[in-house]
Structures are given as C-alpha cells and as structure tokens.
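# Structure assessment
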Amino acid sequence: MSEVKTVENMVTITIDGKTYHAKEGEYILNAARANDVFIPAICYLTRCSPTLACRLCLVEADGKQVYACNAKVKEGMEITVDTPNILAERRAIMEVYDVNHPLQCGVCDKSGECELQNYTLELAVDSQTYAIPDTKREVKDWSSVLHYDAGLCIVCERCTTVCKDMIGDAAISTTKRGGEPLDKAYKETMPKDAYAMWNKLQKSIIAPSNGTDFTDCSDCGECTAVCPVGALTGRDFVYTSNAWELERVPATCAHCSSGCQIYYEKKHTSVSDRSEKIYRVTNEWNYVSLCGAGRYGYDFENRVEGKDEAAFNAAVEALKKAETIRFNSVITNEEALMLQTLKEKLGVKLVNLDARAFQKFLASYSKAAGQSLYSYDFKEVMATDFVISIGAALRNDNPNARYAFNNVQKMNKGAGLYFHPVGDNLVPTFGKNIEVFTHKVGLEEAALYLVLDLFADKEKLPEDVKSYLESFKTTTTKTAKEKVMKDVTETVIDEETGEEKEVTKKVPEMVEKEVTVEKNGLVELLGKESDAFDVAFEKMMKKKESFSMIVGEDLYFHERAENIAKLIALIEQTTPIRVAMIPPKTNSLGVALICDLDDEATGYTVGYNENGDFKLSALGDGDLDMPAMNQQEGTLTNMHKRVTPTNAALEYKGYELNDLMKALVGAPELTVDWTKSLPVEKGFESVAFDDLPNGYLNDGTENRGYALNSIACDADTVAVEPIDEQCVLEGEIVYRCNPQRQFNDFSDKAHEIFESFGLYASPAKAEHLGARVEIDFGNRSIVVDVIEDDRMEGDITALADFKSAEDVYGLFGNARYRKVTMRKV
Amino acid sequence: MGLEQFKNRNVGQQNYVMLDLEHTPETGMGKFRQVVRRTFKAELFVGLWVTMREMINALFKGQMHTVKYPFEKLPISPRYRAIHEMLRLLESGHYRCIGCGLCEKICISNCITMDTRYDENQRKEVSEYTINFGRCIFCGYCAEVCPELAIVHGPRYETASEQRASFSLFEDMLTPIDKLNLQQEYDGFGAVTPNADENIKKTPLAY
C-alpha cells in the first residue's frame, strides 16, 4: 500500500499466510484487491453496496465462512481464499451459471472479455451435473441506446446495483422470470450456497423498474459497462465488432467538467473503407461512472480531407487584425495557453462567457478563503455522509456531481440538502434523508445563510452575521396536541370463573399543550415549513461526521456572485463543511486559471467554435477547420482539480491551432510541447505531456495526470453582506440549462445523442405552452420547440445552451435565470 | 526364436542376389565382340514391344494413363490447402459462417476482413467478407480455427487469375446453392477427429 495513507486507520490482515495492510472497515474483497490478491467475485462493484447474488467471493475468515464482499476486515484477521469446501461451492456455482447459458460465445459481443467464461475456465468447469428446463427469454431494446439479451443474462444484478447506488435512476430492477422450480433432490446433493444462489437465479430476471418495456432513465449506459456477460450492450454496437479488434485509446471525456477517464475504442470503418472510426467508449467502471454523453457522444470528429492553405492564410490574416477572440471552454489547457500567448503578444481580447463568470467567482472565493482553489474534489464529496447542493441543476449540470450526491445517500447512510429553484422529482428519490428546497430564483444567498445557521460554530461567526441570523428567528407559542398514555383501571368480570378482577390498561389520550416554537425565517423564506424542517433536520444529522457542499453554475452567474463567494468561504471557515465547485463547462477551470479573460467582445472577432467574423471550428462549419477533442492530444483541467491527459483517437489531416501560432508568433513543434509551460504560479506543474499517466490503480487510486496545487494566499477578513431580496425574480422565468446528455455542440453532433435543442418544461407547463413558443428576452427573441421533461416540476422552463450558433449565452447575458415573455407560435 | 539369429551380426548379407555378370573383356578383340553381340541381339525390340503394347492398350483398349491437364485433374488429398471454400448448412442451405471473427483474428498475413451487423432476425449477419489472396499464404489456420467448419480449403489449387478479386468475395467462395447436394464434408485441418465422440462429456438435459 502507498505510504500516503495514515497508519492509524490501517489494520493488519493475513490472506493465505501472507500479511497485508488494509484500511479499517474495508470489505475483505476490496482489501484483497488493493493488495493484488485475487478472490473470485462476479456481482460486486467497488463503489456500490454488496449484492450477494453470485456468492463466489466466499472465503474463510478466522475459521468462519463469510462473503468477502460483505465482511469487513478486522485487526489480525486470518483469511483463507480457497478451502476444499469453498472450492466445491464455487465450482457448483459456476456449473449453475452455465446451465442453459446459450452456447453462442462465437457471436457474443463480449467476445472473450466475458467474466462467465473466465470464471468457468478459472474454476475448471469441464462437465455439467445440473439441469433444468429453460425459460423463454426475449431480446429487448430498453431505450434508444440500451439492448438487453435476457437469454445471456446471469442476473448478477450489477446493472441494477450501479443504476441505484451510483447513477441514482434505479430504472431497472429484478423481476419474476417464471422459471421452473428447482428439483427438490438438488437441495440434499448440492453445496448449500450454490443451491441458494440457483434458487434465487431461477426466479429472477432484469427488467425496467417502471413495469413497462422501456426504461425511464438518463441513458447513461453504465449498466452496459458493468455487465459481465453480453446481456447488456449499446444498441448501436450490437454485433458490429469483436472486442479484440478494437484499439483502445485512453483519453479524457471532453463533454463536461467531470473529465472522466474513458477509452475510445476504434477500428477501420468497414471492409471497403479503411479509415478509422470509433465504435464505442468504455470506462474503468469500478472507479469512474460515465454519463450518456460520455458513453455515446463519441463521434464528433471533424473529418477533413487535407490542409486548406487558402483558409489557413485567411485565418492568419484574421487573427492579425482581430480585436477579440471569442471561444468556449471545450478546449485543452494547451490551446488556452496559446490563446493567452496571443493576448500577450498581439494584444487581442479573450472572451469566454462561462469561464469568465467562474473565474470571477473563484477569485472572490480565493480572496476570502486564502486559497486559490476550492477545498474538496468530488471523490472527497463521495466519502462524506452529509452533502448539500446549492445552485446546481444536479440532474443536468454535471453527472458526476449527481452521482456523488446519490452515492452519499446510498453508501454512507447519508443525508442531503438540495437547494434549487427548478423542481426536480428525481433528487428526492436518491435517499430517505433528503430535504429539497424549491426556492425562489435569486435566493441562493438565503440558502447559504441557512447553511451557516444550521452548521456554523457560533463562536467563530462574526458578530454581525450572528445577529443577522438571529434576526430571522421568531418564537411563538402554539397549542399543540400531544398524545399521552394514561393508565385506566377497570373492573372486569372473568367469564369463566365469574370472579371480579381489576385490570389496568394504558389508553392514549389527546392533551392540549402550550409549546414555544422557534421559527426560522430563513427556512420559511426558502419555501419550507420551519417546524417540519426542524424535525427532519434533527433526524438527518444523526451520526453524521463529514460534511460537503456542491456549488454550481447558478451562483457564478448570480447578480451577487461576489457576496456568495464570500459566504462560501465563511461557511468553510466556520463549519465542518468543505466545498466542491462545478466548473460550468469542460475546461472552464483550466481556462479560468490560464487566461486573462475580458468581459466584452469588441471590433473584429475571431470565434473558436463560437460565432465571430472569422470562425475557426472543430465542427466543420467554420472558415478554417480545427481538430475536435477526439482528434487531438492535450490536457484538460477537470472539476476534481486534476490535469488529465487526453489522446488523439482519430486522424486529423488539417491545420491545428499550433500551426496558426507558428505562423503568428512562433511556437514549439507540437501542441503538447506547451504542456510543460502551463503556469506553475497558478497551480500547474511543469511536466511533459508524455510523462502523464492515465489510469487507475487496483485500490482505486486515480493515477491520471497530476493534481493542481492549491496556492495559499493572504485571506481578507470576510465581510459578508445580507441577503438582497431585490434579486428575486418572479413571473415567467427561463433557466439556461441543458437536457441530460447534452453539453455542447460536440455532444449534439454525436449520432447516438438524441436530445434536441429547445425549451424543456415540466409536463403541466409543456401542455400549457403548446408545441412551439417565442421567448422574448427584451433585447432579442427566439422561437423554439417545447419539449416535455417528466422529471421537471414547477413553472420554470429550461432553455438549452449547447448550440453555440443559437447564442443562448448572448440572450441570457450574465445571468442564468431571465424573466421573459412567452408567446405561443 | 533362437539366439543364433541375434548372434549373426552379418545382417542383410543373406538377402543379396548375386548377378550373373560376364567378365569384362580384356583384349581389344574381346571388346569388339561384345559390342557386336549386344548391338545385334533382339533386346531392342523387346523394349519397343512394351511401348507398342501400351500404345495399343491406350488407343484401342481405352487404358490411357495420361491426365489431360487442364481438361482433367487428378484427385487431391483432403489435407491439401488450396483456395478457400465457404460451406453451407446441409439442412437449411444457409451459410455456416456465424461471423465470430476468429479467422480474421488468427490470420497471420492479415488477409481476412469481415463486417458484421445485427440483422432483422436478431442474429449476427456477415454483411461483407473478403480474403485478399494476394497476401494469403495458405497456412490453413483459418480453417483450423473455424468452430463451424464454415471456411475450409478446397481443392482449387490454380491461384493464377487475371484479377485478384476473382477469388476473394464471399459469394464466390460459397457453395453454389444448386450444388449443395454435391458439397463435400471437409477432412482437412480443423475437421472433427474420427474419435471425437469419445472425448465429449454429455451435458444433462431436463426435457
């Protein structure tokens, strides 16, 4: 084990006579895996709860048979992986799994990467002793991307577990198979665990949990990733390629700021077309979970025939006379550094709306907090047991933030507070201890004050804040009815003997009582009943040790962003809560750190994947083509405060930004030669691109790139201002928010992402609005389709911003919520 | 068996046949006489008679031994590895290939390529299959690895052609559907061994 881990919480265990160190409270299986000891297991997923479906991980710990996925390590524990009895159980289990499993390995999409196949060989199953009539199991397409072949399914329940514990959709579950009951004779002759496992297996199969044939989920495809056999596959991939033919290119997903590690898997397009094509995206599903955009939004490459010299010369001229370069955050750190160099050498303005808001917010935060970066990454959030989310549309903004929020509820017996103006009916389903505040737009400050009130060490709070918080409290006396148990003595005649007896009974009685109730005005302001919340909150706080807070894009685009940033710093100073921020777009954090951004675009503008007088575009619609993210190497700074490398999966024949740099100001030969020049004073390291690793270690350690250094700076005394209720918006409000699986033009270009551009609304609101509306923003109006989103609630509608051509950022200006007038078209 | 057989180490000598050769003449006259005798003996006609007899047999009795290649060909061993053939299922006439891709994987000269897709009957369909015979070295691995005995080596050993493409398409290698009854089971590399049944463990069935 690495030496970084603290020694106090480590225990010493013995596996098969060898001594190992493991984290206290860890499952035996995880401890073994972290120490490179092999214990067979099919159904267990590292970051999810044990399912106990396969029972293969049976081991002997201190003389007792336990399931390694479900038993925790203890100091001095002696573990034996194989005993004759356990080996007999395992072999019987594998034989059972092989009963009636179709012998179609030749065509199966797992093509040899099959865990059923591996364990069958590992446990040397060379003959079959058991038999049962098979049940007809249909092949089904669960959604636009999910393909389920029930015939191949071994019901290990990994898909349902990941969907519930990690993704939070809980869109699939086990259902009745209708299989034949087991032959009673097996009960005596078979090993015990194998029989129990078979009994359960024979009764269940996987199906969408809403009772229909189709899943109601975010189409992330994580279930297809975890499936150990070929039962669950992406619809587009079915029977198109064997796994061994695909070349895996380790990369970083470029759709949102999660920056998940992915593999692009590519091979030639067809017999006649030898140019390479990405067939699918896979991930290290034990350590990272992807969203639908990451998994299915891979074919956004910009295919260019060759170098267009005329366009290149035009671009050089355009950049020479440009006053502004407008770009977005779907670029690498290296490209951001190039643009910054252009600013320094040529004096152009750099305009990037999403990164600019985040940059300002981060600056205000670090001035108040005394550190250049926020405290937690989302892995640390996942390890806490109380999580608060403010200002992020959790379902849409960032899948990994949502997974963390959900995982805390499921795995750490956690609790959560969710503050957001747009109603969402998925978040409350993540756990029992979640309180959702659907507050008015603009009241984010009140939410932060409430957090201060609930969690802050009152000693540490500045006087003015303390008294400000007190000012919300009112005490009222209330008559409450209370149930009291009263003893009542009755005389009863015993029917048999005729004797009289005195019996004392407890009878409930309602008593009216005067109670003093403290009302918290903040809770009421945020739209909740104060009393009810107090009761709920008390329950939520039971046995909680670590606290985290996720803050999102709403706050960066808030009118009072500066005050909010200070409040967050104050929360970190006075409460045990640590904050993780969601950068608005892919590399907003990197851009915010590397570039000096300007607020307004003026004069002749060159757009990089954005509108402009001259357009450099990786989408193939500009004046000069640029490589898309899957065609270039470079690094991205993700929300986990990590600089991660990404590699080129597909060939690109045209010019790239570095070529323009060479012509304009001089540049090193390759784009990745810039990697070691990333600004060290901002927290980057001077490391060459080729030295950056991109993978995970067996114990889950993220061995990708390097972590940004948080630079300490002098902290100002935090002077926060009270809530400004002037910011509250009421009336017809539109929110700038993308549908799930859509983040930018690139996800939109991918053929397996179907969510379209439009105005997303709750079912009731959508019905009210009709099929198409004109939204008048005051300065400009836009006509869009209304799309129903059955996860949304309330009257606020969400306008997607992933199409840069529609200039939705321009419509919203420096806000994420806008009051508008709508007209049916 | 007596021991004397082993004691006789002059093995083989007893099987020699001594030819009754005349002595080589030593004088000039002797040599001359030998030449004359050999030249005018009728031995020449003995040899010519053999030729004559075979000619008569071939021309008039239909016992011709010459194979009139290329109009005639000799039968070839089933283990000979020539141009591939794609076999069909005898019952349904459907091609045997399931598109598993093992031949493509094992091919050491990288000459096999295939495209597969999910068809309307929820099966894997081989939509495109080619062998580049310009590169194929006829090693036979593809036939050996094929789990369905779908790709086999046929007896067609003439690999000269005006175009490489003449051989390389799936349809060209596939048994013509009207000649399905003539399709021969393959005995070469990868074929089922005669004692295969002995090596199989039976799986119990619950029907």
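Rules used throughout
- Residues numbered from 1 in each chain as written.
- Chains lettered and ligands numbered in written order.
- Predicted model: local features only at pLDDT ≥ 70, side-chain atom pairs only at ≥ 80, totals over all residues.
- Helix = DSSP H or I, 4+ residues; strand = E, 2+ residues; numbered from the N terminus.
- Buried ≥ 20, exposed ≤ 12 C-beta atoms within 10 Å, placed from the backbone.
- Contact = placed C-beta atoms within 7 Å.
- Rg over C-alpha atoms; globule rule 2.2 N^0.38 Å.
- Pairing = 2+ DSSP bridges.
- Axes fitted to C-alpha atoms, helices over the stretch in contact; angles between N-to-C directions.
- Expected span 1.5 Å × (residues − 1).
- Nonpolar A, V, L, I, M, F, W, Y, C, P; charged D, E, K, R; others polar.
- Core = buried A, V, L, I, M, F, W, Y, C linked by C-beta atoms within 7 Å.
- pLDDT = per-residue confidence, 0-100.
- Domains from an automatic or database assignment.
- Parallel < 35°, antiparallel > 145°, perpendicular 65-115°, else oblique.
- Left-handed = near helix turned anticlockwise from the far one by under 90°.

What follows is about the overall build of chain B. In terms of helices and strands, chain B carries 8 helices and 4 strands. Referenced to the eigenvectors of the C-alpha coordinate spread, the extents of chain B come out at roughly 95 × 60 × 35 Å. Taken across its 207 residues, chain B has 18% of its residues classed as buried. Counting only contacts in chain B whose residues sit at least 6 apart along the sequence, the fraction spanning at least 24 positions is 71%.

Moving on: the overall build of chain A. Scanning chain A from N- to C-terminus turns up 25 helices and 39 strands. Here chain A has a C-alpha radius of gyration of 30 Å; the compact-globule value for 825 residues is 28 Å, and the two agree. The C-alpha extent of chain A, read off along each of the three principal axes, is 110 × 75 × 60 Å. Counting all 825 residues of chain A, 49% fall into the buried class. Restricting to contacts in chain A with at least 6 residues of sequence separation, those with at least 24 account for 74%.

We now examine the sheet that holds strand 35 (residues 781-788) of chain A. Residue and element names in this part refer to chain A. Spatially, 7 strands are ordered 38-32-37-33-35-34-39 in an open sheet, and the strand pairing comes out mixed. Whereas interior strands pair on both sides, the edge strands pair on one side only; in this sheet they are strand 38 (817-819) and strand 39 (821-824). On average, each strand axis in the sheet is inclined to that of its neighbour by 35°, with strand direction left out of account. Bridge count for strand 32 (residues 733-736) against strand 37 (residues 797-799) is 3 bridges, and the pairing is parallel. In the sheet register, Val734 faces strand 37, and the bridge partner there is Thr797.

Moving on, we come to helix 15 (residues 444-455) of chain A. Residues and elements named next belong to chain A. Across its 12 residues, helix 15 extends 17 Å between first and last C-alpha, which sits within 8% of the 16 Å expected from 1.5 Å per residue. Buried residues dominate helix 15, accounting for 10 of its 12 residues. Those residues of helix 15 lying buried are Glu444, Glu445, Ala446, Ala447, Leu448, Tyr449, Leu450, Val451, Leu452 and Asp453.

On to the interface of chain A and chain B, then. Across the contact, 17 residues belong to chain A and 22 residues belong to chain B. For the side of chain A that touches chain B, the residue count by class is 9 nonpolar, 6 polar and 2 charged.

It is worth spelling out the nonpolar core at this point. Residues and elements named next belong to chain A. Among the nonpolar cores identified, the biggest contains 244 residues, and Ile28, Ala41, Cys57 and Ala68 are the most heavily contacted of them. In terms of residue count, the dominant contributor to this core is helix 11 (residues 353-369) (9 residues). Not counting residues within four places of it along the chain, the set of residues in contact with Ala68 comprises Tyr27, Ile28, Leu29, Ala32, Ile39, Ala41, Cys57 and Val59.

All names here are of chain A. With parallel pairing, the 5 strands of this open sheet are ordered in space as 15-14-24-25-26. Two strands in the sheet have a free side with no partner beyond their single neighbour: strand 15 (349-351) and strand 26 (624-625). As paired elements, strand 24 (residues 605-608) and strand 25 (residues 614-617) share 3 bridges and run parallel to each other. Each bridged residue has a counterpart across the sheet, and for Gly607 the counterpart in strand 25 is Lys615.

What sets the pattern is the α-helix's 3.6 residues per turn: residues three or four places apart point alike. Its 14 residues place the ends of helix 10 (residues 333-346) of chain A 19 Å apart at the C-alpha level, agreeing with the 20 Å of an ideal helix rising 1.5 Å per residue. A:Asn333, A:Glu334, A:Glu335, A:Ala336, A:Leu337, A:Met338, A:Leu339 and A:Leu342 are the residues of helix 10 of chain A that are buried.

Summing up the model confidence of chain B, the mean pLDDT is 86 and the portion of residues at 70 or higher is 91%. Reported confidence for the predicted complex is 0.82 by ipTM and 0.88 by pTM.

Summarising the model, chain A shows a mean pLDDT of 92, and 98% of its residues fall at 70 or more. pLDDT under 50 marks residues 1-5 of chain A. Its contacts with residues more than four places away, or in other chains, come to 4 contacts.

Split by domain assignment, chain A resolves into domain 1 (1-82), domain 2 (85-245), domain 3 (361-493 + 500-581) and domain 4 (727-824). For domain 1 of chain A and domain 3 of chain A, the distance between their C-alpha centroids amounts to 36 Å.

Residues and elements named next belong to chain A. Between helix 4 (residues 158-167) and helix 14 (residues 399-411), whose axes approach to 7 Å, the crossing angle comes to 105°. Put simply, helix 4 runs roughly perpendicular to helix 14. Judged by residue contacts, Lys164, Asp165, Met166 and Ile167 of helix 4 engage Tyr403, Asn406, Asn407, Lys410 and Met411 from helix 14. Across the contact of helix 4 with helix 14, the residue classes tally to 4 nonpolar, 2 polar and 3 charged.

Turning our attention to unusual backbone geometry. The linkage connecting B:Tyr69 with the following residue, B:Pro70, adopts the cis geometry, with an omega of 5°. Positive phi, close to 45°, is recorded for A:Ala170, a residue that is not glycine. Inspection of the secondary structure assignment puts A:Ala170 in the loop between helix 4 and strand 8 (172-176).

This part takes up the packing of helix 9 (residues 309-321) of chain A against helix 22 (residues 657-664) of chain A. All names here are of chain A. Direction vectors running N to C along helix 9 and helix 22 enclose 65°, while the axes themselves pass 10 Å from each other. Crossing hand, helix 9 versus helix 22: right-handed. Here Ala315, Val316 and Leu319 of helix 9 lie close against helix 22, whose contacting residues are Leu660, Ala663 and Leu664. Residue composition of the contact of helix 9 with helix 22, by class: 6 nonpolar, no polar and no charged.

Residues and elements named next belong to chain A. Of note, Asp424 is situated in strand 18 (residues 423-424). Residues Asp424 and Arg791, 367 residues apart in the sequence, show an inter-C-alpha distance of 5.7 Å. Beyond its immediate chain neighbours, meaning those up to four positions away, Asp424 contacts Arg395, Arg791, Met792 and Glu793.

Another aspect to go through is the environment of A:Gln261. Residue and element names in this part refer to chain A. Note that Gln261 resides in strand 12 (residues 261-268). Among the residues examined, Gln261 registers 26 C-beta atoms within 10 Å and is labelled buried. Put simply, Gln261 and Gly695 are 434 residues apart on the chain and 7.5 Å apart in space, counted from C-alpha to C-alpha. For Gln261, the contacting residues outside a window of four places in its chain are Pro250, Thr252, Asn283, Glu284, Val288, Asn694 and Arg704.

A separate point is the pairing of strand 23 (residues 577-581) of chain A. All names here are of chain A. Burial of strand 23 is extensive: 4 of the 5 residues sit out of reach of the surface. Of the strand pairs in this sheet, strand 22 (residues 547-551) and strand 23 are connected by 5 bridges, and their pairing is parallel. Within strand 23, the residue paired with Ser548 across the bridge is Arg578.

The subject of this paragraph is the environment of A:Glu500. Residue and element names in this part refer to chain A. Residue placement: Glu500 occurs in strand 21 (residues 500-520). Spatially, the C-alpha atom of Glu500 lies 85 Å from that of Thr644, the residues being 144 residues apart in sequence. Those residues in contact with Glu500 that lie beyond four places of it in its chain are Thr491 and Ile493.

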